[in-house]
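Working through the structure, step by step
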Amino acid sequence: MNTYHLNNTNIHIISGAKNWLESAALSQLEGVAQLPGVVRAVGLPDLHAGKSPVGMALETENIIYPHLIGGDIGCGMGLFDTGLGIGRYNEKRWLSRLNHIRALVDLAPENPYSEPSPISDLGTIGGGNHFVEFQRLETVFSSDDLAELNLPKNNIVVLVHSGSRGYGQAIFKSLNYTIGLKDDSPEAVAYLQKHDDALLWARRNRAIVAAELIGWLGYEGEPRPLIDLFHNHLVQKEGVWIHRKGAVSSKEGLVVLPGSRGSLTYIIKPTAETARSAWSLSHGAGRKWARSLCKSRIKNMYDRDSIRQTRLKSKVVCHDTDLLFQEAPEAYKNIEHIVAALLEHGLITLVASLKPLITYKG
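Residues numbered from 1 in each chain as written. Predicted model: local features only at pLDDT ≥ 70, side-chain atom pairs only at ≥ 80, totals over all residues. Heavy atoms only, no water.

Thoughts on the sheet that holds strand β11 (residues 240-245)
Backbone-to-backbone hydrogen bonds join strands into a sheet, with any given pair of strands oriented parallel or antiparallel. Heads up, the condition is: Only strands joined by at least two bridges in the DSSP assignment are considered to pair. Secondary structure elements are defined from DSSP: runs of H or I of at least 4 residues count as helices, runs of E of at least 2 residues count as strands, and each element is numbered from the N terminus. Axis lines are fitted through C-alpha atoms, for helices just across the contact stretch, and the angle between N-to-C directions can take any value from 0 to 180 degrees.
Spatial ordering of the open sheet is given by β1-β2-β3-β11-β10, a layout of five strands whose pairing is mixed. The open sheet has two edge strands with one neighbour each: β1 (11-13) and β10 (232-237). Adjacent strand axes in the sheet meet at a mean angle of 15 degrees, parallel and antiparallel pairs treated alike. In this structure, strand β3 (residues 54-60) lies alongside β11, joined through five bridges in antiparallel fashion. Paired with Thr-60 across the two strands is Trp-241, which belongs to β11.

Focus on the environment of Pro-223
The test is simple: Residue contacts are counted whenever heavy atoms from the two residues lie within 4.5 Å of one another.
Relative to the elements of secondary structure, Pro-223 occurs in the loop between α6 (186-216) and β9 (224-230). Distance in space between the C-alpha atoms of Pro-223 and Gly-127 is 23 Å, their sequence separation being 96 residues. When sequence neighbours within four positions are dropped, the list of residues in contact with Pro-223 reads Phe-80, Asp-81, Ala-207, Ala-210, Ala-211 and Ile-214.

Points about the packing of aromatic side chains
Put simply, the rule reads: Pairing of aromatic side chains here covers Phe, Tyr and the six-membered ring of Trp, requires ring centres within 6.5 Å, and sorts the geometry by plane angle: under 30 degrees stacked, over 60 edge-to-face, intermediate tilted. Throughout this description, buried means an accessible area under 20% of the type-specific maximum (1.4 Å probe, protein chains only), exposed means over 50%, and partly exposed covers the range between. Placement of a charge over a ring requires the Lys NZ or Arg CZ to be within 6 Å of the ring centre, with the centre-to-atom vector within 35 degrees of the ring normal.
Under the criterion given, the structure shown has four aromatic pairs. Taking the centre distance of 5.2 Å and the plane angle of 70 degrees together, the rings of Trp-94 and Phe-134 count as edge-to-face. With Trp-94 in helix α3 (residues 91-99) and Phe-134 in strand β6 (residues 131-140), this pair connects stretches of sequence that are 40 residues apart. Judged by its relative accessible area of 1%, Phe-134 falls in the buried class. Through a chain of ring-to-ring contacts, three or more aromatic side chains come together here, namely Tyr-89, Trp-94, Phe-134 and Tyr-219. Lying across the ring of Trp-279, Lys-237 places its NZ or CZ 4.9 Å from the centre. A cation over a ring is seen here: Arg-287 above Tyr-332, with NZ or CZ 5.0 Å from the ring centre.

Structural data, given as structure tokens:
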């Protein structure tokens, strides 16, 4: 297990023998650990630097820090059963259909809800690391735990990574929170109400994205939610506020843990030991390279076609070449190292792995 010597006694690092944490991310974590009211700062194996440290859980007393959550309130992962057996998968036809969509906004779904609003980005996932990925079961590690999802072993699933889009950004900008707020202040109460609206919006939006894409491929029926967890949110537990930035709750059942588009996704089960990690687990592999560095480092490794397929023989649909390089598998940490670190600390057990078929970005 790697050992990191930090100055703050209220910092706890979850890492593993093969997992690397950059110094910039550790410095950011040290910085937020010094904020007033912070009880504990936890750095998870996917910790990396961002506007605030990503891959962290921060516990505070009597104060909240909305700027640590940022504008993408409710960003998270939704895993859905498409109801389609693998025998109905036609790679050539699916790629053709998906390549006709330059952006999901082109599908223009109807809004079945009256609130919350505004909802101008309904049915979209956004840019950056957001994606939709069709997957199939690769390996089952625990049939008993997988049975909790009632997922037929030959069914295709779809994983949607997105947040509250422009709605969450509008909340964050309108309230202009750049400092901590006493949790009983009018400003905090107003923020938390809007925060919860954004969580609801983000979860509903992921379901709409899954349904719209399955319909676009020519199939009827509603996708069935299996797992849906937030990565960027605030929650109160046992007298403390837990700020999760790039981290998921360990108290809501099974967790879906994706890597890059060129790696497996894991379904994991939290153990009873996650109080040590602020009842939180990793949300993915975590970035290894800044987006600005990616193209120059790997442009000679790919051509226009090879960048759109992976070592697992899956395909990628994306009309933005720069984004293809920014989100290349090489830009991310090894998901197996993240999983190994969580296992090493006794925080999870393995349930299943999922193999990508097609990844859509746009």
